[in-house]
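Report on the structure
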Amino acid sequence: MPSTSPRHRRVALPLAAAALLVPAATACSSGGAGGSGASGGDQRLKVALAFPPAQAMSPYGDDAVTLSRLAVVEGLTGLDRNGDAKPALATAWKRDGDRAWEFTLRKAAFQDGTQLDAAAVVRSLAAAQKASPKPRVLSDTTLTATAEGADTVRVTTKAADPLLPQRLANPSLAVLSAAAYKDSGKVDPAGHATGPFTLARVNGAVSATLERNDTYWGTKAKAPGIDVKFVADGTARANALRTEDVDIAEYVPISQAALLGDNLVHEFPTARTSGLSLNTGRGVFADPAMRAAAREAIDSGALATGVYEGRADTAQGLLGPGVPWAAELRTAPTGRAKAATPAEVAKTKEIVLATYTNRPELPEAATVVQQQLEKRGFTVKQVVRDYAQMEADALGGKFDAFLQARNTLLDTADPLSYLASDFTCDGSFNISQLCAKPVDTAVAKAASLADPDARHRAEMTVEAAILGADALVPLVHERFIQGYDDARVEGVALDPMERTLITADTHIG
């Protein structure tokens, strides 16, 4: 599914129902479960998050990202800014043949006082593999972990997986202590993870309390704790920041950014591209000449400056500034058709342009795109609904054009997952209905490469083939806007991959 919000789509629950799903959890940490009156006083961080828990803080769904953004959970690896694996609970790793890797563990303790060892890693990875539904990061692979002594883990995959170290950085593959795994099958990360902050209490869909983990293996957190409010309304989050009711407000809406002022607004490039998927399988856009005409009709710059008020980047391709290596490796699209003339376009039947309401900029962008297409000669009908009501139709090819925001790094922090799922013949999220041998061949070649530089070059060859087919017209590369007072709050992470917000260094200055 696409990213219908700044993160992935969430299912909203009535507060009472959510409270039943997320029982209060008490962690074993030195700080206790106090709120703003706990030790540390006004040095505690007050944070407004956009998305309440949707799966009772299970690490196997979108809540895993929340746990990661709050510095609660950790996996064997982390990710650097380029999306390459870096040490986390594993200090080193090496490949052993095509399908096996060995990871060396660091000395660390869980928040409940038990020690990290190879058995704990094996247990956590096995639980994720058996989870139902399975975490998205495991949808295209099977992992088998075995302990090779107390501090070495061997991970074997069913097929060769050059991206395994990046895959293991996914928050859904966090390592938890034995006490996290209940007889009921539920997994409770509260007090059982390894991060610098311990989840101490969750108050349904309303709030959460975190305390500093004083036994953390790394640098001890500077803030004594975090008081979280879940605030779905973007304007309300901005207002809470303006009135200093919170110190940090994530995902400030574009409409509120100018009102807050530069000292409270911090924007940065993301791995998210808004684009117009054209239905290559049926209808008007089955004709490559009509897709080329649609591409020529789109003015990306007008969208960036108008709809996004200058807080987005004009599209350069599928991968934008949030993928730092993409620009210098980009090659020209290959195999593009000659565009149909306006007179030829005018003879075509009405096209259906669809988008969803879950991201407030998209319906406005769709209106501008409609005007640009009509100027070229197309007759356009708009369909705008909640994403949940239209996903099946979009995947089934019921629309001629579908405007969506898509995270191009998805679950492995590598664009190949996105390129394969969205643009190959057997892709699971192929809204453009593209089935082109040059694209499938290029994807297969990239998937076989382990060296990051060679893989990146191959992925840009894939991008060129997709753009050459005009299966998707990139519109803008989005920026995220996080809110905090930079004269008072230090150490907030501005992460294009959306996995980090709070770190051990985040504190009131």
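These numbers come from a predicted model, not from an experiment. (Residues numbered from 1 in each chain as written. Predicted model: local features only at pLDDT ≥ 70, side-chain atom pairs only at ≥ 80, totals over all residues. Heavy atoms only, no water.)

Our focus in this paragraph is the state of the cysteines. Here the structure, examined in full by the defined rule, presents one disulfide. Through a disulfide, cysteine 425 is tied to cysteine 435; the S-S separation comes to 2.0 Å. Handedness here is read from the sign of the S-S torsion; for cysteine 425 and cysteine 435, about 95°, the answer is right-handed. Note that cysteine 425 is positioned in the loop between α13 (416–423) and α14 (437–447) and cysteine 435 in the loop between α13 and α14, a separation of ten residues in sequence. Cysteine 425 sits in the partly exposed class, given a relative accessible area of 30%. Since its relative accessible area comes to 56%, cysteine 435 is described here as exposed. (Disulfide = S-S within 2.5 Å. Helix = DSSP H or I, 4+ residues; strand = E, 2+ residues; numbered from the N terminus. Buried < 20%, exposed > 50% of the residue type's maximum accessible area, 1.4 Å probe, protein only.)

Before going further, it helps to examine the sheet that holds strand β7 (residues 152–157). Whether parallel or antiparallel, the strands of a sheet pair through hydrogen bonds between backbone atoms. Pairing is antiparallel across the open sheet formed by four strands, whose spatial order is β4-β5-β7-β6. The strands lining the two open edges of the sheet, one partner per strand, are β4 (90–96) and β6 (143–147). Within this sheet the neighbouring strands show an average axis-to-axis angle of 20°, counted without direction. In terms of strand pairing, β4 meets strand β5 (residues 100–105) through six bridges, oriented antiparallel. Of the residues in β5, the one forming a bridge with lysine 94 is glutamate 102. (Pairing = 2+ DSSP bridges. Axes fitted to C-alpha atoms, helices over the stretch in contact; angles between N-to-C directions.)

With that settled, the discussion passes to helix α11 (residues 361–376). Residues lying three or four places apart along an α-helix face the same way, a consequence of the helix completing one turn every 3.6 residues. With 16 residues, α11 extends 23 Å between its outermost C-alpha atoms, agreeing within 8% with the 22 Å of an ideal straight helix rising 1.5 Å per residue. Where α11 ends, the next residue or the one after it, glycine 377, has phi of about 120°, a positive value. (Expected span 1.5 Å × (residues − 1).)

What follows deals with the pairing of strand β10 (residues 225–230). When you tally the buried positions in β10, you get five out of six residues, the bulk of the element. Across five bridges, strand β1 (residues 45–49) lies against β10 in parallel orientation. Within the sheet, the bridge partner assigned to lysine 46 lies in β10 and is aspartate 227. Here strand β9 (residues 207–212) runs beside β10; their pairing, made up of five bridges, is antiparallel. Bridge pairing links leucine 210 to isoleucine 226 in β10.

Where burial is concerned, most of strand β12 (residues 265–278) is hidden: twelve out of the 14 residues are buried. Sheet topology note: the β12/strand β16 (residues 401–407) ladder contains seven bridges and is antiparallel. When the sheet's bridge partners are listed, leucine 276 is paired in β16 with leucine 403.

This part takes up the environment of valine 368. Tracing the chain through its elements places valine 368 in helix α11. Residue classification places valine 368 among the partly exposed positions, given a relative accessible area of 21%. Placed 62 residues apart in sequence, valine 368 and glycine 306 show a C-alpha to C-alpha distance of 9.1 Å. In this structure valine 368 touches Leu303 and Val307, once residues within four positions along its chain are discounted. (Contact = heavy atoms within 4.5 Å.)

Here the focus is the packing of α13 against α14. Packing of α13 against α14 leaves a shortest axis separation of 10 Å and a crossing angle of 155°. In terms of their interaxial angle, α13 and α14 are classed as roughly antiparallel. For α13 against α14, the interelement crossing comes out left-handed. In this structure, α13 uses Leu416, Ala420 and Phe423 to contact α14, whose residues at the interface are Val439, Asp440, Val443, Ala446 and Ala447. Its residues assigned to classes, the contact of α13 with α14 comprises seven nonpolar, no polar and one charged. (Parallel < 35°, antiparallel > 145°, perpendicular 65-115°, else oblique. Left-handed = near helix turned anticlockwise from the far one by under 90°. Nonpolar A, V, L, I, M, F, W, Y, C, P; charged D, E, K, R; others polar.)

Before going further, it helps to examine the nonpolar core. Counting 61 residues, the largest nonpolar core has Leu199, Ile248 and Ile502 as its most contacted members. Leu241, Met290, Ala304 and Phe429 belong to the second largest nonpolar core, which has 59 residues in total. (Core = buried A, V, L, I, M, F, W, Y, C linked by side-chain atoms within 4.5 Å.)

The next subject is the pattern of salt bridges. Within the structure shown, the criterion is met by 28 salt bridges. With its nearest N and O atoms 3.0 Å apart, the salt bridge here joins arginine 44 to glutamate 211. Taken together, the positions of arginine 44 in the loop between α1 (15–21) and β1 and glutamate 211 in strand β9 put the pair 167 residues apart, joining distant regions of the chain. Residue class for arginine 44 comes out buried when judged on its relative accessible area of 2%. Given a relative accessible area of 0%, glutamate 211 falls into the buried group. The residue arginine 154 makes a salt bridge to aspartate 96 at a minimum N-O spacing of 2.8 Å. One end of the pair, arginine 154, is in strand β7; the other, aspartate 96, is in strand β4, and 58 residues separate them in sequence. (Salt bridge = Lys/Arg side-chain N within 4 Å of Asp/Glu carboxyl O.)

Purely spatial values, then, with no claim about function.
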